[in-house]
Amino acid sequence: MTLTEKKKVVVGMSGGVDSSMAAALLKEEGYEVIGITLQTMPSGGPDDVGGCCSITAIDDARRVAHQLGIPHYVLNFRTIFEENVIDYFTNAYLSGETPNPCTMCNRVVRWGEFLWKARALGADYLATGHYAKILQDPESGRYLMSRPVDTWKDQTYMLYNLTQDQLKHTLFPLADYKKEQIREMAAERGLLRVSRKPDSQEICFIPDDDYVSFIRERSPEKIKPGNFVDRQGNILGRHQGLINYTVGQRKGLGVTFGKPMFVLGFNVEGNEVILGEDQEVYAHTLLATDLNWIAITGLEGPLTVQAKIRYKAPLAEAKIIPLKDSETLPGAIGPVVRVEFTTPQRAITPGQAVVFYQGELVVGGGKIIT
């Protein structure tokens, strides 16, 4: 019996080609594989429209598990998902931030509650179809995260907040494959239905991508018209509620100004959207908090990195500097770092993640607060 035959792994199966092939590859390597799909949609929600946790997705995952000859179960995670992802998403928008629900889901749901559940079931690992690579430093024993072979599908940005213990108990079987290879391999194994499924491009709990209507239905009393203003506080027009806008936005403002104007930020207390010209959207620095370090144990002094300020943003040269006694800054969750970019970055957005890299390795990351 091989080592892997002694190891049990729970695979989070979303009904897509990536998680399906993760399960297939691990079974072929000799692991004891259990497929589990998380039911996260709120009762009465859009549970039948093909999202990653919809009825259709559950059926597809169950079908794949049957073809692979592995057990498959569905776990009800509706409450934890609503309280930690949907409520967070709604409250962040109402607070003038642009949230990142996938990073919160990974942190609290998948590698929080789900990993705990998998280990309680006797599993050695949790595996998913994410495109990322886990390594271990042979000298320090520290677990590292690296970008995958398919850099276009690279999902390390969404996974920056995994802890050392979580990385130790995680497998990413797709790290060394391109997406096109994964589709071909799925078809070769007879998983034809999932091999042709398109990638999900929207927020899983908002299938029509209309997040404004979603938040309006949940908190109509908190969405009120207010003023567009410039940095000096001069009134430029009226807006229809803060949730309709995000930093860097130009189109859809609903007001003509005689020249292109962009959203620079928000005065939440005054219910104001701050506008400016294009050059004002760029900045050389940001502050980040709620930090997690992967390649290092902590930040003792300035460190040169490449940084991403959103999922599809290009890597940018930067220096990260720890701020002393920063826990008292507004929005701080623990220590704060200042990120200084070599070239100005467009539309740095509070609520999004900033993730730090050195070469292919993820150094760590945090939440942008300003």
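If you're wondering where the values come from, they're calculated on a predicted model, not measured in any experiment. (Residues numbered from 1 in each chain as written. Predicted model: local features only at pLDDT ≥ 70, side-chain atom pairs only at ≥ 80, totals over all residues. Heavy atoms only, no water.)

Caption draft 1: Broad picture of the packing of helix 1 (residues 17–28) against helix 6 (residues 179–188). Look at helix 1 against helix 6: their axes get within 10 Å of each other, and the N-to-C directions meet at 65°. In this view, helix 1 runs roughly perpendicular relative to helix 6, as classed from their interaxial angle. Two packed elements cross with a definite hand, and for helix 1 against helix 6 that hand is left-handed. Every residue of helix 6 that contacts helix 1 at Val17, Asp18, Met21 and Leu25 is listed here: Lys179, Ile182, Arg183, Met185 and Ala186. The class makeup of the residues in the contact of helix 1 with helix 6 is six nonpolar, no polar and three charged. (Axes fitted to C-alpha atoms, helices over the stretch in contact; angles between N-to-C directions. Helix = DSSP H or I, 4+ residues; strand = E, 2+ residues; numbered from the N terminus. Parallel < 35°, antiparallel > 145°, perpendicular 65-115°, else oblique. Left-handed = near helix turned anticlockwise from the far one by under 90°. Contact = heavy atoms within 4.5 Å. Nonpolar A, V, L, I, M, F, W, Y, C, P; charged D, E, K, R; others polar.)

Caption draft 2: Quick peek at the layout of surface pockets. Computed from the structure, the second largest pocket encloses a volume of approximately 650 Å³. For the lining of the second largest pocket, the secondary structure elements donating two or more residues are strand 10 (262–267) and strand 12 (282–293). For the lining of the second largest pocket, the leading source of residues is strand 12, giving five residues. Of the residues belonging to the lining of the second largest pocket, the class tally is 16 nonpolar, seven polar and three charged. (1 Å grid on protein atoms, 1.4 Å probe; cavity = no way out; pocket = protein on both sides within 12 Å on 5 of 7 lines; lining within 4 Å. Points joined across faces, edges and corners; volume = space filled by probe spheres on them.)

Caption draft 3: Fine view of helix 1. Over its twelve residues, helix 1 extends 16 Å from the first C-alpha to the last, a length consistent with the 16 Å expected when each residue adds 1.5 Å. With ten of twelve residues buried, helix 1 is to be regarded as a mostly interior element. Where helix 1 ends, the next residue or the one after it, glycine 30, has phi of about 105°, a positive value. (Expected span 1.5 Å × (residues − 1). Buried < 20%, exposed > 50% of the residue type's maximum accessible area, 1.4 Å probe, protein only.)

Caption draft 4: Region of interest: the domain arrangement of the protein. Taken domain by domain, the protein comprises domain 1 (8–196), domain 2 (225–276) and domain 3 (282–368). Here the C-alpha centroids of domain 1 and domain 2 sit 38 Å apart. Between domain 1 and domain 2, the buried area comes to about 420 Å², and carbon and sulfur atoms account for 62% of it. Three residues stand out in domain 1 for area buried against domain 2, namely Tyr93, Leu94 and Gly96, and they jointly supply 73% of the buried area on that side. The tally of links from domain 1 across to domain 2 stands at zero salt bridges. Where domain 1 packs against domain 2, one counts one residue pair in polar contact (both at pLDDT 80 or more). Grouping the amino acids of the side of domain 1 that touches domain 2 by side-chain chemistry returns two nonpolar, three polar and no charged. (Domains from an automatic or database assignment. Buried area = accessible area lost by both parts, 1.4 Å probe. Salt bridge = Lys/Arg side-chain N within 4 Å of Asp/Glu carboxyl O. Polar contact = N/O pair within 3.5 Å; in protein donor to acceptor, adjacent residues only side chain to side chain.)

Caption draft 5: Spotlight on the packing of helix 3 (residues 78–94) against helix 4 (residues 101–120). Where helix 3 meets helix 4, the closest approach of the two axes is 9 Å, and the angle between their N-to-C directions is 165°. Here helix 3 is positioned roughly antiparallel relative to helix 4, judged by the angle of their axes. Every pair of crossing elements has a handedness; the one defined by helix 3 and helix 4 is right-handed. On the side of helix 3, the interface is formed by Ile80, Phe81, Asn84, Val85, Tyr88 and Phe89, while helix 4 contributes Pro101, Met104, Cys105, Val108, Val109 and Glu113. Counted by class, the contact of helix 3 with helix 4 contains ten nonpolar, one polar and one charged residues.

Caption draft 6: View of the packing of aromatic side chains. Following the criterion strictly, the structure yields twelve aromatic pairs and no others. Consider the rings of phenylalanine 77 and phenylalanine 114, whose centres lie 6.2 Å apart with planes at 80°: the pair is edge-to-face. Of this pair, phenylalanine 77 sits in the loop between strand 3 (72–76) and helix 3 while phenylalanine 114 sits in helix 4; the two residues are 37 residues apart in sequence, bridging distant segments of the chain. Side by side, phenylalanine 77 and phenylalanine 114 carry an identical accessibility label, which is buried. Look at phenylalanine 228 and tyrosine 245: their rings are 5.5 Å apart centre to centre, the planes differ by 75°, and that puts the pair in the edge-to-face class. Of this pair, phenylalanine 228 sits in strand 8 (residues 226–229) while tyrosine 245 sits in the loop between strand 9 (235–239) and strand 10, and the two are 17 residues apart along the sequence. On the accessibility criterion, phenylalanine 228 (0% relative accessible area) is buried. (Phe/Tyr/Trp six-rings, centres within 6.5 Å; stacked < 30°, edge-to-face > 60°.)

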